[in-house]
Amino acid sequence: GDGNDNDDDSETDDETPPPGTNPGAADTNTSGTKKLPPQTPHILPLPNPLTSTTIHLGNSGSRITITRLPLHFCFSRVPASLTSRLLPLLPRVGATTSSFWDANKSTHLVCGQKLNTAKNLSAWCCRRPTVTSDFVEELLGRKSAKEELPREEEFEPPGDAPMAGDGRDRK
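Residues numbered from 1 in each chain as written. Predicted model: local features only at pLDDT ≥ 70, side-chain atom pairs only at ≥ 80, totals over all residues. Heavy atoms only, no water.

Concerning the overall build of the protein chain
So the rule is basically this: Under the scheme used here, helices are H or I runs from DSSP no shorter than 4 residues and strands are E runs no shorter than 2 residues, and both carry numbers assigned from the N terminus. Should any heavy atoms of two residues lie within 4.5 Å, those residues are considered in contact. Here the open area of atoms and residues is found with the Shrake-Rupley method and a 1.4 Å probe, where only the protein chains shown may cover a residue.
For the protein chain, the count of helices and strands is three helices and eight strands. Put simply, 45% of the contacts in the protein chain that link residues at least 6 apart link residues at least 24 apart. Just so you have it, the protein chain exposes about 12900 Å², and 50% of that area is on carbon and sulfur atoms.

In structure tokens form, the structure reads like this:
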């Protein structure tokens, strides 16, 4: 024919798996669940924040649900040498970043010290933690998911900028 080998009787290469299969991958049934081979690592597809994946364990009906929570850092007044080193590493922990505060998206403000700036006040109004870059480095430095997450309150930036409600604004 026309140069395309789409005829029903065309031969398939012995090394090419049949359409719809992926050798070594999990078997997928019609309900969309996957049966994974035992002792095989598998990266869960959690592409969007608040996307959940349910894992059924064995035939007993046990299951767990894993939900990816958003992690979005907004950087403010952090030296460029430090941000240029940290920014490429953030996707390893599923984090995104911005230099603009987004009240709906930002989860942490990363700054060197507490100042009365628009970003700092926005983070305070949204009740989001303000942390130093050491928090980000500690998070990136975890070797295993079994290690505890760093505690935001241990990485509070220094500064004397009084915020309403912190006890220093009362006479």
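What about the pattern of salt bridges?
Short version of the rule: Each salt bridge in this description consists of a side-chain nitrogen of Lys or Arg and a carboxyl oxygen of Asp or Glu lying within 4 Å of one another. Between buried and exposed lies partly exposed: a residue is buried under 20% and exposed over 50% of the maximum accessible area for its type, with that area taken using a 1.4 Å probe on protein chains only.
Tallied over the entire structure, the rule returns four salt bridges. Between K114 and E156 there is a salt bridge, with its nearest N and O atoms 2.8 Å apart. Here K114 is found in the loop between β7 (108-111) and α2 (118-125), whereas its partner E156 is found in the segment after α3 (133-140), with 42 residues between them in sequence. For E153, the salt bridge identified is with R151, shortest N-O distance 2.6 Å. Among the residues examined, E153 registers a relative accessible area of 46% and is labelled partly exposed. When salt bridges with common partners are traced through the structure, they connect R151, E153 and E154 into a single cluster.

Some points on the packing of aromatic side chains
We count it as follows: Note on aromatic contacts: the rings of Phe and Tyr and the six-membered ring of Trp form a pair at centre separations within 6.5 Å, being stacked when their planes are under 30 degrees apart, edge-to-face when over 60 apart, and tilted otherwise.
Taken as a whole and assessed by the stated rule, the structure comprises three aromatic pairs. Residues F73 and F135 carry aromatic rings whose centres are separated by 6.4 Å and whose planes lie at 70 degrees to one another, so their mutual orientation is edge-to-face. Within this pair, whereas F73 is found in strand β5 (residues 72-76), its partner F135 is found in helix α3, the two being separated by 62 residues in sequence. Among the residues examined, F73 registers a relative accessible area of 0% and is labelled buried. Of the aromatic side chains, those joined through ring pairs into one cluster are F73, F75, F135 and F155.

Quick look at the sheet that holds β5
As a general point, the strands of a sheet are linked pairwise by backbone hydrogen bonds and lie either parallel or antiparallel. For clarity, the threshold we go by: For two strands to pair, DSSP has to find at least two bridges joining them. Axes, fitted as lines to C-alpha atoms, cover a helix only where it is in contact. Angles between the N-to-C directions of the axes lie from 0 to 180 degrees.
Spatial strand order, β6-β5-β7-β8: four strands in an open sheet with parallel pairing. Strands with a single pairing partner mark the edges of an open sheet, and in this sheet they are β6 (96-98) and β8 (130-131). Two strands pair when backbone bridges link them, and β7 and β8 are joined in this way by two bridges, in the parallel orientation. Looking across to β8, one finds that L109 is bridged to T130. The strands touched by α2 are β5, β7 and β8; relative to β7, the strand with the most contacts, the crossing angle is about 150 degrees.

Here we look at α3
Going by this rule: The directions from the helix axis to the C-beta atoms are what the arc is built from.
By the burial criterion, the buried members of α3 are S133, F135, V136, L139 and L140. In a view along the axis of α3, the buried residues occupy a sector of 155 degrees, so they form one face of it.

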